[in-house]
Structure formats: C-alpha cells, structure tokens
Amino acid sequence: MGLSPPHSEILVSYVPAVVANRLAEHPFPIEAPQADTALCACLSLDIAGFTPLAERLAHRGAAGAEQMAEILNGAFGPLVAVCEEYGGEIMEFEGDALLAVWRTTTEEGLGEAATTATACGLALQETATERRTRTDVALSMKVVVAAGSLRIFYLGGVDGRRQCLASGPPIAELGELEHRALPDGVLVSARVAALLASGYEGTRGTGGGAATVHSLRSPPRPRPVDRRQVPPRAWPALLEYAPSRLDPELIGSPEAWLAEFRRATSVFVNLIGLEHDEPGELERLDASVRAVQQIVGHYEGSLEKLLEGAKGTVLLIAFGLPPGVHEDDPTRAARAALEIEEALGAHDLRTAIGITTGVVFAGPVGGPSRRDLTIVGDVVNVAARLMQGAEDDI
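The following refers to the structure shown. Keep in mind it's a predicted model, so treat the numbers as computed, not measured.

1. Side note on the sheet that holds strand β13 (residues 371–376)
In step 1: What the five strands build is an open sheet, ordered β10-β11-β9-β12-β13; its pairing is antiparallel. Looking at strand neighbours, the two that pair on one side only are β10 (302–309) and β13, the edges of this open sheet. Taken over all neighbouring pairs, the strand axes of this sheet differ in orientation by 35° on average, direction set aside.
In step 2: Across six bridges, the pairing between strand β12 (residues 350–366) and β13 is antiparallel. If you follow Gly-366 over to β13, its bridge partner there is Arg-371.
In step 3: Of the strands in this sheet, β9 (260–272), β12 and β13 are in contact with helix α4 (residues 61–85), which crosses β12 at around 95°.

Shown next as structure tokens:
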C-alpha cells in the first residue's frame with residue numbers, strides 16, 4: 001500500500017479512534033465478525049443550524065460549498081480538539097453530530113470516565129459559546145452524557161470494507177436524552193448523575209432521573225489520549241474501516257476531497273428485530289451488513305453510516321456521490337432498497353426504509369486528527385423521518 005507517513009496520518013483521521021488505537025497496539029487485521037465489551041462513558045453532541053445553512057448556501061454553487069465547509073469544519077475542528085484533550089475516543093460523525101467514548105474496565109474507573117466526559121461536555125459548551133461570539137453564524141449545540149456497558153462490533157468485509165458499530169444501553173440513553181436536552185449545560189443520564197454524586201452544580205430531575213450539569217465542584221484535569229502510531233503493516237487493515245468513498249490513491253491530494261453541493265439520493269434503513277446481546281445475533285448482524293454491502297456495491301452506491309440510535313440499528317446509504325455517479329441513481333437506490341428489504345427478510349429481520357433525492361452538501365467534516373466524509377441537507381433529514389414512519393415498508 002503506497003502511503004507515505006504523512007498520508008497515513010490522514011488515513012488514520014478517517015477511522016474510528018477505537019479501531020486506530022487497537023491497530024496501533026495489535027497491528028493485525030481485525031477479523032469480522034467480533035465484538036468487544038467495555039464499560040464506557042459516552043458523550044454525544046449535536047449542533048443545530050447546519051441544515052438550513054446548507055439550504056441557503058447551495059444556491060451559491062462552488063463558493064457556497066467552500067463557505068459551508070469553512071463553517072462546518074470551523075465549528076467541529078475545535079470541538080474535536082476538546083474531546084481529544086479530555087481523552088475521548090471519537091467513534092463517529094453523523095451529519096452534524098459526534099459521538100465520543102471513554103473506555104474503562106472497573107466501576108471506579110467508570111465514575112472517573114463519567115466525570116471526565118461531563119467536564120469535556122462543559123468545555124465543549126464553553127468552546128461553542130466562544131465561537132458564537134466571534135461569528136455571525138446562528139448555531140446551537142446540545143451535549144448529553146450516559147454511561148454503562150458498551151459493545152463495539154466489527155462487521156462486514158465485502159470488497160475489503162468493514163464497519164464499526166457501538167451499541168448498548170448508553171447509546172440508547174443518549175438518543176432519549178437528546179430529545180430533552182437544551183443548548184445550555186450538559187444533560188447527563190441518571191447513572192452518570194449518581195456517579196457524580198454531589199460533585200456538580202445543576203438541576204436534578206424528579207425521582208433520581210437525569211440531571212443538567214452547569215459546573216463540576218472539582219473538575220478533572222484534561223488528559224489527552226496517548227495516540228500511538230499505526231505501523232505500516234497495519235495500514236491495509238486501517239483502510240478497511242475508512243469511508244468507502246475514500247480513495248487511498250488520492251488521499252494526499254488536497255483538491256481530491258473538495259466540498260461540493262450535488263444532487264444525490266439518500267436511503268435510510270432501520271433494521272427491526274435485532275437484539276445485540278442475544279446468542280447468535282452477532283452472526284446475524286454481520287450477515288445483514290454483508291448483504292447490504294453486496295447490494296449497495298452492485299448498484300455502485302456507498303454505505304455511509306452504520307449507527308445505533310433510538311430506533312435501533314440504522315444504515316445510511318447514498319447514491320450519486322463520487323466516484324459512483326449515474327444519471328439513474330434514484331432508480332438504483334429504489335431497486336437497492338427493494339433488494340435490501342428482501343435480503344434482510346431472509347435473516348428474519350423487518351425493515352423500515354426512507355428514500356429522498358435532492359441537493360446535499362458532501363465533504364469532509366472534523367479536524368486534522370479526526371474527521372469523516374459527511375452529507376448534510378434537508379433531504380437527508382427527510383429520508384430519516386420517512387424511515388421512522390415507514391413501519392415495515394419503503
């Protein structure tokens with residue numbers, strides 16, 4: 001694999017931190033399927049305001065795309081830096097949201113992790129506030145923290161591409177908390193509030209529920225993650241977990257990943273009926289991901305995301321993004337959706353699928369040390385809402 005060390009650092013930035021850290025310590029391919037279990041504090045931040053901004057800037061063409069990229073990365077770059085300064089491993093980006101985790105092995109360690117994640121959340125809010133005072137862009141941010149046992153799945157492998165999925169009660173709690181969070185302070189789960197005990201200033205829900213934290217009485221010092229270098233022999237394994245649209249031959253060319261507005265088709269697929277903790281579910285989940293990879297590859301789309309949310313396991317698929325651009329991409333998306341529905345039905349899974357076509361912003365999001373390829377736009381959000389209302393249908 002012909003990557004120079006600087007280019008390998010760019011590749012590392014596009015891979016979930018838990019994958020990069022694992023390959024740095026054990027530079028061997030991560031065979032799928034498998035799952036690791038760890039106690040974790042999990043932090044999710046969600047920035048509101050990018051979608052209407054993308055709709056406005058789309059009319060300005062290339063200049064609008066450049067401005068959108070500048071605003072998006074100007075917002076996320078400092079937030080990525082704060083997460084890493086506090087030792088968080090950034091698992092994934094989802095449009096205008098980010099997930100970071102703090103892994104540990106003991107209950108005592110979980111208390112420390114929860115405190116650190118909460119301190120990080122407060123620092124994130126402070127950073128976002130400082131940025132809002134320096135720009136005229138109207139953005140607001142919600143930060144939520146949960147804690148508990150997390151499973152990290154390593155899945156797929158079709159065409160040399162694999163997926164990493166974080167799943168467990170803390171992830172489900174984050175989704176519930178996000179609906180209740182306000183752009184002020186950090187909303188923490190009942191378990192995190194209990195772990196913090198009397199060590200915070202804020203408001204607690206009735207009955208020992210979630211709490212909004214405004215400050216910590218004894219905030220921990222930031223402790224950055226010790227980032228080890230991934231050795232060259234592990235670079236091929238690293239590439240397996242990079243975005244499928246990332247071309248290793250072009251990774252060193254700044255102009256290769258110019259942000260752009262373009263017409264694309266978004267497909268959201270909700271896998272209904274998976275219980276990740278049940279015996280045999282790892283194999284069924286992996287078979288489902290492989291089936292989707294096979295179908296999406298056949299129609300030359302891209303599997304953008306594999307996520308766990310309030311609705312369970314969700315896949316985001318895109319058609320019409322380079323290098324897979326065709327005049328009939330909406331038709332390809334519809335045919336792929338029908339085949340996915342049938343293929344997953346063979347694994348005793350029900351699906352809810354939403355499809356939309358329209359103009360999206362496509363480009364890198366994040367900072368130099370951790371980023372991803374993302375798509376942002378109202379049509380993406382509409383596809384997600386259509387999926388939520390589909391109920392075993394397309």
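2. Digging into unusual backbone geometry
In step 1: Each neighbour pair has its own omega, and for Pro-322 with Pro-323 the value is 5°, a cis peptide bond.
In step 2: Its location among the elements puts Pro-323 in the loop between β11 (312–319) and α10 (329–345).
In step 3: Backbone geometry at Asp-159 places phi at a positive 55°, although glycine is not the residue there.
In step 4: Exposure remark for Asp-159: the relative accessible area of 69% places this residue in the exposed category.
In step 5: The phi dihedral of Glu-300 is positive, around 60°, even though this residue is not glycine.
In step 6: Along the polypeptide, Glu-300 turns up in the loop between α9 (281–298) and β10.

3. Some thoughts on the layout of surface pockets
In step 1: Of the voids in this model, the largest pocket is the one considered here, and its volume is about 1,200 Å³.
In step 2: If you trace the largest pocket, you find 40 residues lining it, with Asp-46, Glu-94, Ala-97, Glu-178 and Gln-388 closest to the centre.
In step 3: Looking at which element gives the most residues to the lining of the largest pocket, the answer is helix α11 (residues 378–390), with six residues.
In step 4: Considered class by class, the residues forming the lining of the largest pocket number 18 nonpolar, 11 polar and 11 charged.
In step 5: Lining the second largest pocket we find 41 residues, and of these Pro-243, Ser-244, Arg-245, Ser-302 and Leu-303 sit closest to its centre.
In step 6: Looking at the lining of the second largest pocket, the elements with two or more residues in it are β2 (89–94), β5 (162–167), α9, β10 and β13.
In step 7: With six residues, the single largest contributor to the lining of the second largest pocket is β10.

4. Concerning the packing of aromatic side chains
In step 1: According to the stated counting rule, one finds four aromatic pairs in the structure shown.
In step 2: Taking 5.9 Å as the distance between ring centres and 75° as the angle between the ring planes, the aromatic pair formed by Phe-76 and Phe-93 counts as edge-to-face. One end of the pair, Phe-76, is in helix α4; the other, Phe-93, is in strand β2, with 17 residues separating them in the sequence. As far as the burial class goes, Phe-76 and Phe-93 line up, both buried.

5. Side note on the nonpolar core
In step 1: Among the nonpolar cores identified, the biggest contains 54 residues, and Leu-45 and Phe-50 are the most heavily contacted of them.
In step 2: When residues of this core are assigned to their parent elements, the largest contribution, 11 residues, is made by α4.
In step 3: The residues contacting Leu-45, other than those within four sequence positions of it, are Phe-76, Leu-79, Asp-96, Ala-97, Leu-98, Leu-124, Met-141, Lys-142 and Val-143.
In step 4: One finds Leu-11, Leu-150, Ile-152 and Leu-373 within the second-largest nonpolar core, a separate group that totals 39 residues.

About the cut-offs
Residues numbered from 1 in each chain as written. Predicted model: local features only at pLDDT ≥ 70, side-chain atom pairs only at ≥ 80, totals over all residues. Heavy atoms only, no water. Pairing = 2+ DSSP bridges. Helix = DSSP H or I, 4+ residues; strand = E, 2+ residues; numbered from the N terminus. Axes fitted to C-alpha atoms, helices over the stretch in contact; angles between N-to-C directions. Contact = heavy atoms within 4.5 Å. Buried < 20%, exposed > 50% of the residue type's maximum accessible area, 1.4 Å probe, protein only. 1 Å grid on protein atoms, 1.4 Å probe; cavity = no way out; pocket = protein on both sides within 12 Å on 5 of 7 lines; lining within 4 Å. Points joined across faces, edges and corners; volume = space filled by probe spheres on them. Nonpolar A, V, L, I, M, F, W, Y, C, P; charged D, E, K, R; others polar. Phe/Tyr/Trp six-rings, centres within 6.5 Å; stacked < 30°, edge-to-face > 60°. Core = buried A, V, L, I, M, F, W, Y, C linked by side-chain atoms within 4.5 Å.

Read these as geometric descriptors, not functional statements.
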